[in-house]
Amino acid sequence: MVWKYGNPVQIEFGVDSFAKLAELIGNRRYALVTYGEPFFDALASRLKNTAGAPALVISDVAPNPDYRLLAEQTGRFAELARQPEVIVALGGGSVIDSAKVFAAAGGDFGKIKTFLESQKGAEQLSAIPIIAVPTTAGTGSEVTCWGTVWDEANGKKYSLARPNLYPTHAVVDPRLMLGKPLLLTISTGLDALSHALESLWNVNNNPVSANHAVFAARGVLDVLPKLVKDLGNIELRERMAMAALFAGLAFSNTKTAIAHSLSYPITLRHGVQHGIACSFSLPMVLRSVHGVGGICEDSLKQIFGSDLARGADDLEDFLGLLGISSNPAAYKIDRREWRLLIEDSLQGERGRNFLGSGDRLIEASQIVRLPRARIA
Ligand SMILES: NC(=O)c1ccc[n+]([C@@H]2O[C@H](COP(=O)([O-])OP(=O)(O)OC[C@H]3O[C@@H](n4cnc5c(N)ncnc54)[C@H](O)[C@@H]3O)[C@@H](O)[C@H]2O)c1
Ligand SMILES: [Fe+2]
């Protein structure tokens, strides 16, 4: 077997690790990217007290970073006399992905647009170092070198992927996740589960990514049902943060696969949150991959037991108990659209990472089963 694995991000993990941020910034000129909400304002003030005032604060990051706002925000970097020496991204995937755009744009969003739309001009892109401080325990963006960029007006989604966009550091402090509301906890937790499983049914899987993925998936399956009943439990938040981080480490080397490929048009057309859009199809994908063998099947059996068909039913019930339906109709996707979506997604860049068979996936998409139990 021939394989390789690498991840350059220095990870600082633990309750109250936020306190290490000032030291990591050092005496560098920094820009802070975050949301405009009181909790994040308070964190920004704490940081200012220890690391000094930032050269620029971008505090209006909105969910799913979009061309229009990103272009405007990038313009604020252009107005600075000197570019920051480091960008601190304090927030979830939308914040960290926005920071990657600013790091690569160097004040000129046109360069990003050209690169995303033509894959040309990589040498024109900058690479301001990023320190990522994730607050959602979901996307894993703190340990990946890509960011999702949305162009809602034209119904498109791009991935800004450059090896020099790995954050230099990830500061993962579970205390920052304590205030996450229920739905955000569920959707981001399921995003992490999706990253773990997607890295397994993936042509790029390898023994290290698989090991991380098994740890991550087991963690989410065990912790999330407990966490939704006890949102303020720091130990459970810590375990979810670990699971999401390990899922990130897993898919940082494989990228995602078919469930994510399916999710993007569902988010764009039907407004379904990313974590839900990329996870409600997981039972269907799992049903389609039993028998593929290799690292994928071995690892899935470590997570779901030796009977993967039963494991797929269990996964559907797990989602049902969190109030998430695996039926596309619940998201206003009719049978015809679903079939076309699957066919299109198999051809997409992420879809081509899927190591299962397209025919078996389509077969599995026709299985309709009522979950055994439901809450909410
Ligand atoms: N780069 C990657 O590898 C990668 C992977 C998966 C998803 N994504 C992208 O990430 C984005 C989604 O990111 P996300 O799911 O982390 O959410 P998000 O960053 O979009 O945040 C959603 C909301 O959560 C709130 N929030 C965040 N942290 C909070 C906290 N600790 N307490 C209370 N509220 C909090 C914010 O106010 C925000 O309004 C999507 O654009 C998705 O496509 C990127
Ligand atoms: Fe995701």
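Residues numbered from 1 in each chain as written. Chains lettered and ligands numbered in written order. Predicted model: local features only at pLDDT ≥ 70, side-chain atom pairs only at ≥ 80, totals over all residues. Heavy atoms only, no water.

Caption draft 1: The arrangement of the coordination of the iron ion (ligand 2) in detail. Surrounding the iron ion (ligand 2) are the protein donor atoms D191 (OD), H195 (NE2), H260 (NE2) and H274 (NE2), at 2.1 to 2.2 Å. With four donor atoms in place around the iron ion (ligand 2) and angles of 84 to 165 degrees between them, the coordination shape is irregular. Expressed as a motif, the donor residue spacing for the iron ion (ligand 2) is D-x3-H-x64-H-x13-H. Remark: H274 occurs in helix α10 (residues 274–277) and H195 occurs in helix α6 (residues 182–200); sequence separation between them is 79 residues. Both residues of the pair, H195 and H274, belong to the buried class. (Donors = N, O, S within 2.8 Å, 3.2 Å for Na, K, Ca; no water. Tetrahedral: all angles 85-135°; square planar, octahedral: opposite > 155°, others 65-115°. Helix = DSSP H or I, 4+ residues; strand = E, 2+ residues; numbered from the N terminus. Buried < 20%, exposed > 50% of the residue type's maximum accessible area, 1.4 Å probe, protein only.)

Caption draft 2: The site of ligand 1, seen in detail. Neighbouring ligand 1 are 28 residues; Y35, E37, G93, S94 and T136 lie closest to it. Here an oxygen atom of ligand 1 sits 2.9 Å away from a polar atom, N or O, in the side chain of N64. Residue L176 places a main-chain N or O atom 2.9 Å away from a nitrogen atom belonging to ligand 1. Its free accessible area being 870 Å², ligand 1 has 89% of it covered by the protein chains. (Near = heavy atom within 4 Å. Polar contact = N/O pair within 3.5 Å; in protein donor to acceptor, adjacent residues only side chain to side chain. Areas by Shrake-Rupley, 256 points an atom, 1.4 Å probe, with all protein chains shown as cover.)

Caption draft 3: Structural context of the domain arrangement of the protein. Entries for the protein in the domain assignment read domain 1 (10–175) and domain 2 (181–365). Of note, the centres of domain 1 and domain 2, computed from C-alpha atoms alone, are 26 Å apart. Counting residues at the interface gives 24 residues for domain 1, matched by 23 residues for domain 2. Here domain 1 packs against domain 2, burying approximately 2,000 Å² in sum over the two surfaces, 74% of which is carbon and sulfur. Across the domain 1-domain 2 interface, the total number found is zero salt bridges. Scanning the region where domain 1 abuts domain 2 turns up four residue pairs in polar contact (both at pLDDT 80 or more). Those elements that place two or more of their residues in the side of domain 1 that touches domain 2 are β1 (10–13), β6 (146–151) and β7 (156–161). (Domains from an automatic or database assignment. Contact = heavy atoms within 4.5 Å. Buried area = accessible area lost by both parts, 1.4 Å probe. Salt bridge = Lys/Arg side-chain N within 4 Å of Asp/Glu carboxyl O.)

Caption draft 4: Molecular detail of the nonpolar core. Counting residues in hydrophobic clusters, the biggest one holds 73 residues, and the most contacted among them are L190, L197, W201 and L300. Per-element accounting of this core gives the leading share, ten residues, to helix α8 (residues 234–251). Every residue in contact with W201, bar those within four places of it in the chain, is listed here: A257, I258, L282, V285, L286, V289, C296, L300, N353, F354 and L355. Core analysis: the second largest hydrophobic core is formed by 50 residues, L43, I58, V61 and L176 among them. (Core = buried A, V, L, I, M, F, W, Y, C linked by side-chain atoms within 4.5 Å.)

Caption draft 5: Representation of the sheet that holds strand β3 (residues 56–58). Here six strands make up an open sheet; going across it, the order is β1-β8-β5-β4-β2-β3 and the pairing parallel. Only two strands of the sheet have a single neighbouring strand rather than two, namely β1 and β3. Averaged over all pairs of adjacent strands, the angle between their axes in this sheet comes to 15 degrees, without regard to strand direction. In the sheet, strand β5 (residues 130–134) pairs with strand β8 (residues 169–172) via two bridges, with the strands oriented parallel. (Pairing = 2+ DSSP bridges. Axes fitted to C-alpha atoms, helices over the stretch in contact; angles between N-to-C directions.)

Caption draft 6: Geometry of the packing of helix α14 (residues 335–347) against helix α15 (residues 358–365). Running from N to C, α14 and α15 point in directions that differ by 160 degrees, and their axes come no closer than 11 Å. Comparing the axis directions of α14 and α15 gives the class roughly antiparallel. Where α14 crosses over α15, the two elements pack in a sense that is right-handed. From α14, W338, R339, I342, E343 and L346 reach across to α15, where they touch G358, L361, I362 and S365. (Parallel < 35°, antiparallel > 145°, perpendicular 65-115°, else oblique. Left-handed = near helix turned anticlockwise from the far one by under 90°.)

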